[in-house]
Amino acid sequence: MAQDNDDISARIAQDKATARSLEGTYLFDGARSGVNYPLNKMCMSLTSDANRKDFAADEDAYCDRYGVSPETKAMVLARDWIGLIRSGGNIYYVFKLAAIDHVSMQHVGAQQNAMSLDEFRAKLNGFKDADRPQITPETKGS
Amino acid sequence: MAKLVGAVTTSHVPSIGIAMDKGITQDDYWKPLFDGYLPAKEFVKELAPDVTIVVYNDHGLEVFLDRVPTFGIGAAAGYESGDEGWGPRPIPPFLGHPDLSWHLIEQLVAREFDMTMFQEMKVDHGFTVPMSVAFGGPAGEVDEWPTKVVPLTVNTIQFPLPQPARCLKLGQAIRKAVEAYPEDLRIMVLGTGGMSHQLQGERAGFMQPPFDRMFLDKFAPEPEELAKIPLGDYMKSAGHEGAELIMWLVARGALNDAREVYRHYHVSASLTAAGLGCYVDAESPHAAFAA
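Fair warning: this is a prediction, and the values are worked out from it, not measured in the lab. (Residues numbered from 1 in each chain as written. Chains lettered and ligands numbered in written order. Predicted model: local features only at pLDDT ≥ 70, side-chain atom pairs only at ≥ 80, totals over all residues. Heavy atoms only, no water.)

Some points on the overall build of chain B
Counted only if it meets this: Only DSSP runs of H or I with at least four residues qualify as helices, and only runs of E with at least two residues qualify as strands; both kinds are numbered from the N terminus onward. With C-alpha atoms as the basis for the radius of gyration, the globule rule is written as 2.2 Å multiplied by the number of residues raised to the power 0.38. Relative accessibility decides the category of a residue: with a 1.4 Å probe and only protein chains considered, values under 20% of the type maximum give buried, values over 50% give exposed, and everything between is partly exposed. The protein chains shown are the only cover counted for residues, whose accessible areas, like all others here, come from Shrake-Rupley with a 1.4 Å probe. Think of it this way: Lys and Arg go in the positive column, Asp and Glu in the negative one, and His and the chain ends go nowhere. Positions of charges follow a simple convention, taking NZ of Lys, CZ of Arg, CG of Asp or CD of Glu.
A tally of helices and strands in chain B yields nine helices and 10 strands. Against the compact-globule benchmark of 19 Å for 291 residues, chain B has a radius of gyration of 17 Å, which places it among compact chains. Taken over the C-alpha atoms alone, chain B extends approximately 45 × 45 × 45 Å along its principal axes. Looking at chain B residue by residue over its 291 residues, the buried ones come to 67%. As displayed, chain B offers around 9,600 Å² of accessible surface, 52% of which is attributable to carbon and sulfur atoms. On chain B, the mean spot of the 23 positive side-chain charges and the mean spot of the 38 negative ones are 5 Å from each other.

What follows is the structure, encoded as structure tokens:
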């Protein structure tokens with residue numbers, strides 16, 4: 001039993017250590033999930049037209065309704081995507097804010113990389129260049 | 001007796017759905033991806049499932065951080081596309097199969113998979129995009145889905161995520177549960193998410209085609225090898241969001257001696273390396289598809 005516990009603890013620690021060793025990555029674990037909960041909750045609320053209209057009418061007051069901190073509110077108003085992620089936002093909630101502005105995930109990705117959209121698209125295309133030709137049923141073998 | 005007739009696995013990027021809904025799938029950017037989906041649609045037509053079990057993760061439509069089910073199943077009579085922040089997709093509603101849903105819930109819980117039960121739920125792009133990839137869409141192209149559905153959710157957003165090995169075992173339990181259903185139904189599993197991609201942080205835009213290729217190569221013959229890869233390594237090799245690939249393992253577990261009958265891999269759909277695979281058991285009459 002003791003051995004089993006050690007194995008499990010080691011596995012959890014190893015997974016977290018690996019994820020945390022990745023530069024530019026913010027493991028969304030329990031601790032992180034609680035850090036800026038009001039931001040994520042505010043963003044989650046933007047899944048109805050009525051709420052989106054309220055938000056657009058007065059972003060500042062709408063943030064207050066969810067207890068978003070002044071520091072975070074400034075980042076919401078500035079659409080500081082990387083700031084929001086660093087401060088505990090999760091992309092799937094934060095992206096609902098981007099959707100209000102009709103901003104694409106590529107725009108959000110570019111800003112997080114401190115790149116122009118064209119530079120970021122070139123980065124994405126770089127993975128294609130490193131890729132092999134497409135595999136089709138004819139070429140994949142048996 | 002119900003029969004597990006096959007599995008399809010595919011990425012579920014929102015922009016793939018948007019491209020279909022806007023009718024721009026033949027644009028230069030999208031055509032190579034969508035051309036690769038055509039044989040999969042033919043395969044699904046051949047499988048002709050009565051019910052499709054869709055394994056996906058909710059992205060902040062029904063599930064917020066206040067309560068996060070590790071695994072969940074829908075048991076509703078129907079499911080509609082929900083508003084994730086940019087309005088619902090213009091697609092017909094999905095018909096559920098509550099009797100099969102409750103059968104699966106009873107069977108899975110008895111097999112020690114403690115599923116959360118949803119009697120009311122809307123579905124997001126994680127569900128609707130793969131359905132459109134497999135069956136067509138939007139409205140106009142599909143006026144009525146040719147299959148009923150059972151949504152099966154996996155938490156891939158709030159760590160800890162379920163272990164890859166656990167996902168494979170869930171698939172194996174689904175297989176047994178399906179075969180214990182008394183009615184003659186053809187059941188397909190649609191595994192979604194991945195492949196390599198990262199959306200958050202300065203590492204956003206990361207992809208790794210060699211890892212994805214390895215995953216595709218081992219998926220049918222050696223799923224145990226993929227189930228042994230630690231979650232941290234999935235994040236390292238496939239990106240923080242690419243860990244969604246554990247949902248493919250649920251679909252794989254539902255097959256026995258699986259054969260790949262078709263695959264498509266495309267870099268990229270927006271920030272995501274898009275993969276698709278079609279699989280059946282070796283003894284399936286559909287094993288000769290595309291041979």
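Topic: the layout of surface pockets
To be explicit about the condition: Method remark: on a 1 Å grid restricted to protein atoms, a set of points is classed as a cavity if a 1.4 Å probe fits but cannot get out and as a pocket if it is open with protein on both sides within 12 Å along at least five of seven lines; lining residues have an atom within 4 Å of a point. Grid points are joined across faces, edges and corners, and a volume is the space filled by probe spheres set on the points. Only Asp, Glu, Lys and Arg are considered charged, only Ala, Val, Leu, Ile, Met, Phe, Trp, Tyr, Cys and Pro nonpolar, and every remaining residue, Gly among them, polar.
Of the pockets and cavities examined, the largest pocket occupies roughly 1,100 Å³. Taken together, 47 residues make up the lining of the largest pocket; nearest its centre are A:S104, A:M105, B:P14, B:S15 and B:I18. At the level of elements, α8 (91-100), α9 (105-112) and α10 (117-129) of chain A together with α1 (14-22) and α4 (125-135) of chain B are the ones that each hand at least two residues to the lining of the largest pocket. No other element matches α1(B), which puts six residues into the lining of the largest pocket. When its residues are assigned to classes, the lining of the largest pocket shows 20 nonpolar, 19 polar and eight charged.

Thoughts on empty space enclosed by the protein
All names here are of chain B. Enumeration over the complete set of coordinates arrives at two cavities of 30 Å³ or more. What the largest cavity holds in volume is close to 100 Å³. Lining the largest cavity are 15 residues, with D58, V63, V68, N155 and I157 positioned closest to its centre. For the lining of the second largest cavity, the residue count by class is three nonpolar, four polar and one charged.

Focus: the environment of A:A56
Residues and elements named next belong to chain A. Relative to the elements of secondary structure, A56 occurs in helix α4 (residues 49-57). Here A56 falls in the exposed class, since its relative accessible area comes to 56%. Sequence-wise, A56 and K41 are 15 residues apart; in three dimensions their C-alpha atoms are separated by 17 Å.

A short note on the interface of chain A and chain B
Cut-off, in case you're wondering: Should any heavy atoms of two residues lie within 4.5 Å, those residues are counted as being in contact. Definition used for salt bridges: Asp or Glu carboxyl oxygen within 4 Å of a side-chain nitrogen of Lys or Arg. The term polar contact refers here to a pair of N or O atoms within 3.5 Å; inside protein, the definition further demands a hydrogen-donor-capable atom paired with an acceptor-capable atom, and it admits residues adjacent in sequence only when both atoms are side-chain atoms.
Taken residue by residue, the interface counts 51 residues in chain A and 51 residues in chain B. At the junction of chain A and chain B, the tally comes to two salt bridges. Among the salt bridges present, the one from B:E202 reaches A:R86, with a minimum N-O distance of 2.7 Å. Along the contact surface separating chain A from chain B lie 25 residue pairs in polar contact (both at pLDDT 80 or more). Counting only elements with at least two residues in the side of chain A that touches chain B, the list comes to α1 (2-20), α2 (30-35), α3 (37-44), α4, α7 (81-86), α8, α9 and α10 of chain A. For the side of chain A that touches chain B, the leading source of residues is α8(A), giving six residues. Of the residues contributing to the side of chain A that touches chain B, the split by class is 22 nonpolar, 15 polar and 14 charged.

Description of the packing of aromatic side chains
Under the convention used in this document: Pairs were defined over the aromatic rings of Phe, Tyr and Trp, the Trp ring being its six-membered one, requiring ring centres within 6.5 Å. Orientation was assigned from the angle between planes: stacked under 30 degrees, edge-to-face over 60, tilted for the rest.
Enumeration according to the criterion identifies 21 aromatic pairs over all chains in this entry. On the basis of an interplanar angle of 80° and a centroid distance of 5.3 Å, the ring pair of A:Y93 and B:F64 is categorised as edge-to-face. Taken together, the residues A:Y93 in helix α8 and B:F64 in the loop between β2 (51-56) and β3 (71-74) connect one chain to another. Of the residues examined, A:Y93 reaches a relative accessible area of 2% and is grouped as buried.

Nothing here speaks to function; it is all geometry.
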